Amino acid sequence: MSRTIMLVPISAGVGLTSVSMGVIRAMERKGVNVSFYKPIAQPRTGGNQPDLTSTILKSNNDIKIGTPTPMDEAQALIRNEQTDVLLETIVERFNQINDADVTLIEGLVPTRKHPFANQVNEEIAKTLGAEIVFVATPGTYNPSQLKERIEVAVSNFGGKKNKNISGVIINKLNAPVDEAGRTRPDLSEIFDESDAAQQANIQSMEIFNTSPVRVLGCVPWSVELIATRAIDMAKHLKADIINEGEISTRRIKSITFCARSLPNMIEHFKPGSLLVTSADRPDVIVAAALASMNGVEIGAILLTGGYDIPEEIRGLCQPALDSGLPIFKAQGNTWQTSLNLQSFSVEVPADDKERIEFVNEHVASHIDGPWIDTLTEGVVASRRLSPPAFRYQLTEFARRANKRIVLPEGDEPRTVKAAAICAERGIANCVLLGNPEEIRRVAAQQGVELGAGVEIIDSDAVRENYVARLVELRSKKGMTEVVAREKLQDSVFLGTMMLENGEVDGLVSGAVHTTANTIVPPFQIIKTAPDASIVSSIFFMLLPDQVLVYGDCAINPDPTAEQLAEIAIQSADSAAAFGIDPRVAMISYSTGESGKGADVDKVREATKLAQEKRPDLVIDGPLQYDAAIMENVAASKAPNSPVAGKATVFVFPDLNTGNTTYKAVQRSADLVSIGPMLQGMRKPVNDLSRGALVDDIVYTVALTAIQATQ
């Protein structure tokens, strides 16, 4: 039975779009099929533009989205006392997308322009039979005042008599606000610390325990929620770009006007800072360039006054410019620029996928789990595991595993960030190998805090502990103490020895090392599992609506039919271990019996061997890729195949095919791939791409922690 949930904001500025996306993500994590509908479009800028939530979802999700009624059209109907006509249109469009398990309705925000919002929201909720969830923010209210305000809103919708009122989600808890209650940067250092008088203490929210209104979510404010890209700030200011650098990816987390003397400004030269200065302050520009050259990822430099950096200064700062430091200039003076910055919207743009993903995950993580579970009661799980559900499952499994993972590239910036995130989320206890001073310096430059859950081990201090054991393990290969000490200078060898000795549960490397650098030490020391004849790899490909497994795309250049059969079995077992129903397609350039030649014969033989060895698995081949994944193609090319058209595990005939295909799909479709995850090792070791993002490392650590339990 489908459910309809309507989010009703009790005031403006509650962050309704963020809450809508977070609730959708929370449901997706549980495998719920969700659709979305904003009955009346309400763009921030007015007019008849699409609403923000629908725009973001269309650009970043594949869920069904209802067509909203333009605001001008809705207002005309309301003015002419034709609300019933408006509601009929809303019902018609709602029914077009009401075949999901849950449909989320986003209500109107009450504003001075739209004072009718509450009345219309109540009518829509009644008409659609929706369960009502209010959305509120503390703003300048203390908890008692907020509780009172929410209870007033509830009374306006029928109070206790209305059994369809489910509760309230409180957003932007502890957000820095101005006197009007608006959550936004004020161009000083409020990103770092806000006035304690404006902060609602989370513990004081316990006052809601005595309220009849159930709190279904309490979302704390985070600076990352409004950390805009430097390019968005430049576009808003209509600024001229002096040095592009990494302007499209660097984020602004604090804004500082460099009006004081240099010694009093240095502390503000930190990751994510937008430094606003006049171009006639070469001391500030040079100091910022030096900080950037020393690894501090300053967000950007904004020059005021409309004139350029002197050529002599630009030449002096060129290494910093080459390192990616964005610089742009505004035409007005500093005062005019500050006014323009005040009007900057902190709403997330529809094309900022990284920030959208953070908002989704952050809000979803603070939505009441038991309430989400009630939405799934009576819902039959979809046969496809969605990417949000897969990622959530990964982190949950990893938390339960509670494993210790060694990261040999301990001073690599992305690795340091990933270790901190893993600790913060409880994914794993990470061990960073390297020089402790260097690791802490890199962490400080990245604005990363390494606390509990991250251990730093000095490679030089422990290296001698493993010399004797390495000699013992490799004595038949001629290993001596001298050679062993030399080998252990390699951090991957050292981390592998820690894994062999049982001091850690898994190893992740490859952000700066090649695949060979990462896997050769484990091959020599850890070796294959007792029941494995080959070590292979898989990638988890996070398509918009499902997760697929690709193997082998990283290890074996040209496997034999026997090895290919083993890869298929390993990949199927790995898929099942991570919650993916394995339907294995053995990929070739030919489907069924139509093709001839050594390559397709190898795949045909491998399929037969795998089916004989594991009759419990659903394996078929040879299949062309389109026949394996597209139901309409499968109907004509392989109508009797149990796999064609619905494959979840794709086994490629050789490394050339597998690696090329995974990269083509990943880059062309702009999707996330997690891996490679190695299969068949006695203990878990996983390789990273040298172009890996921080999130790639985080999820690979999670994979490794889960493997360590199997």
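Reading the values: the criteria
Residues numbered from 1 in each chain as written. Predicted model: local features only at pLDDT ≥ 70, side-chain atom pairs only at ≥ 80, totals over all residues. Heavy atoms only, no water. UniProt positions renumbered as here; feature names shortened; annotations may be inferred. Helix = DSSP H or I, 4+ residues; strand = E, 2+ residues; numbered from the N terminus. Buried < 20%, exposed > 50% of the residue type's maximum accessible area, 1.4 Å probe, protein only. Polar contact = N/O pair within 3.5 Å; in protein donor to acceptor, adjacent residues only side chain to side chain. Core = buried A, V, L, I, M, F, W, Y, C linked by side-chain atoms within 4.5 Å. Domains from an automatic or database assignment. Contact = heavy atoms within 4.5 Å. Phe/Tyr/Trp six-rings, centres within 6.5 Å; stacked < 30°, edge-to-face > 60°. Salt bridge = Lys/Arg side-chain N within 4 Å of Asp/Glu carboxyl O. Patch = residues over 30% accessible without salt bridge, like charges linked within 9 Å, V, L, I, M, F, W, Y side chains within 5 Å. Areas by Shrake-Rupley, 256 points an atom, 1.4 Å probe, with all protein chains shown as cover. Lys, Arg positive; Asp, Glu negative; His and termini not counted. Charge placed at Lys NZ, Arg CZ, Asp CG, Glu CD. pLDDT = per-residue confidence, 0-100. Pairing = 2+ DSSP bridges. Axes fitted to C-alpha atoms, helices over the stretch in contact; angles between N-to-C directions.

- Under an unreviewed UniProt entry, the protein has the name Phosphate acetyltransferase and belongs to Vibrio ezurae NBRC 102218.
- For the record of the protein, the UniProt heading Pathway (unreviewed entry) holds the text "Metabolic intermediate biosynthesis; acetyl-CoA biosynthesis; acetyl-CoA from acetate: step 2/2."
- If you open the UniProt record of the protein and go to Catalytic activity (unreviewed entry), you find "acetyl-CoA + phosphate = acetyl phosphate + CoA".

1. Observations regarding unusual backbone geometry
And step 1. A cis geometry characterises the amide bond from glycine 551 onward to aspartate 552, with omega recorded as -15 degrees.
And step 2. The backbone phi angle of asparagine 174 is positive, close to 70 degrees, even though this residue is not glycine.
And step 3. Within the secondary structure layout, asparagine 174 lies in the loop between strand E6 (165-173) and strand E7 (215-220).
And step 4. Here asparagine 402, not a glycine, exhibits a phi torsion of approximately 50 degrees, which is positive.
And step 5. With respect to the helices, strands and loops of the structure, asparagine 402 is situated in the loop between helix H14 (387-401) and strand E15 (404-407).

2. Concerning helix H20 (residues 491-500)
And step 1. Among the 10 residues that make up H20, 10 are buried, leaving the element largely enclosed by the rest of the structure.
And step 2. Within the sequence span of H20, burial applies to Ser491, Val492, Phe493, Leu494, Gly495, Thr496, Met497, Met498, Leu499 and Glu500.
And step 3. The backbone nitrogen of valine 492 has a side-chain oxygen 2.9 Å away, supplied by the residue at the start of H20, namely aspartate 490.
And step 4. Note on H20: the residue one or two positions beyond its end, glycine 502, has a positive phi of about 80 degrees.

3. Quick look at the nonpolar core
And step 1. In this structure, Phe390, Phe540, Met586 and Val701 are the most contacted members of the largest nonpolar core, which totals 56 residues.
And step 2. Sort the elements by how many residues they give to this core and helix H27 (residues 694-707) lands first, with 9 residues.
And step 3. Structurally, this core is a two-domain feature, drawing no fewer than three residues from each of domain 3 (383-527 + 687-709) and domain 4 (532-680).
And step 4. Setting aside chain neighbours within four positions, we find valine 701 in contact with Ile405, Leu407, Cys422, Ala428, Cys430 and Val508.

4. So, the packing of aromatic side chains
And step 1. Here the structure, examined in full by the defined rule, presents 8 aromatic pairs.
And step 2. Aromatic pair phenylalanine 134 and phenylalanine 157: ring centres 5.3 Å apart, planes at 80 degrees, arrangement edge-to-face. Here phenylalanine 134, found in strand E5 (residues 131-136), pairs with phenylalanine 157, found in the loop between helix H6 (143-156) and E6; they are 23 residues apart in sequence, far enough to count as distant.
And step 3. Taking relative accessible area as the criterion, phenylalanine 157 reaches 5% and is therefore assigned buried.
And step 4. For the ring pair tyrosine 550 and phenylalanine 652, a centre distance of 5.2 Å and an interplane angle of 80 degrees mean the geometry is edge-to-face. Pair noted here: tyrosine 550 is in strand E20 (residues 547-551) and phenylalanine 652 is in the loop between strand E23 (649-651) and helix H26 (655-669), with a separation of 102 residues, a long-range link.
And step 5. One aromatic cluster in this structure is built from Tyr550, Tyr625, Phe650 and Phe652.

5. Examining the environment of arginine 400
And step 1. Looking at the element boundaries, arginine 400 is found in helix H14.
And step 2. Separated by 305 residues in the primary sequence, arginine 400 and alanine 705 place their C-alpha atoms 9.4 Å from one another.

6. A closer look at the pattern of salt bridges
And step 1. The tally for this structure, following the rule as stated, stands at 36 salt bridges.
And step 2. In this structure, arginine 463 engages aspartate 460 in a salt bridge whose closest nitrogen and oxygen atoms are separated by 2.7 Å.
And step 3. A salt bridge links aspartate 616 to arginine 614; the shortest N-O distance between them is 2.9 Å.
And step 4. Residue arginine 614 is classed as partly exposed on the basis of its relative accessible area, which comes to 22%.

7. As for a positive patch on the surface
And step 1. Taken together, the side chains of Lys476, Lys477, Lys527 and Arg682 define a basic patch exposed on the protein surface.
And step 2. For lysine 527, the position within the fold is in the loop between helix H21 (515-525) and strand E19 (536-542).
And step 3. Its relative accessible area of 44% is what places lysine 527 among the partly exposed residues.

8. A word on the confidence of the model for the protein
And step 1. Residues at a pLDDT of 70 or more form 93% of the protein, whose mean pLDDT is 87.
And step 2. Every residue in residues 185-204 is under pLDDT 50, and counting partners more than four places away or in other chains gives 37 contacts.

9. Regarding the UniProt feature "domain: DRTGG" (unreviewed entry) in the protein
And step 1. The UniProt feature table records "domain: DRTGG" (unreviewed entry) at residues 232-343.
And step 2. Between the first and last C-alpha atoms of residues 232-343 the distance is 13 Å; the span itself is 34% helix and 21% strand.

10. A short note on the sheet that holds strand E9 (residues 240-243)
And step 1. Overall, mixed pairing links the 5 strands, which are arranged E9-E14-E13-E12-E11 in an open sheet. Unpaired on one side and paired on the other, E9 and strand E11 (254-257) mark the two borders of the sheet. The mean angle between the axes of side-by-side strands here comes to 25 degrees, regardless of whether they run parallel or antiparallel.
And step 2. Pairing of strand E12 (residues 273-278) with strand E13 (residues 300-304) involves 5 bridges; the strand directions are parallel. Looking at the pairing, valine 276 lines up with leucine 302 of E13.
And step 3. Across the sheet, helix H7 (residues 230-237) is in contact with E9, E11, E12, E13 and strand E14 (327-329); its angle to E14 comes to roughly 10 degrees.

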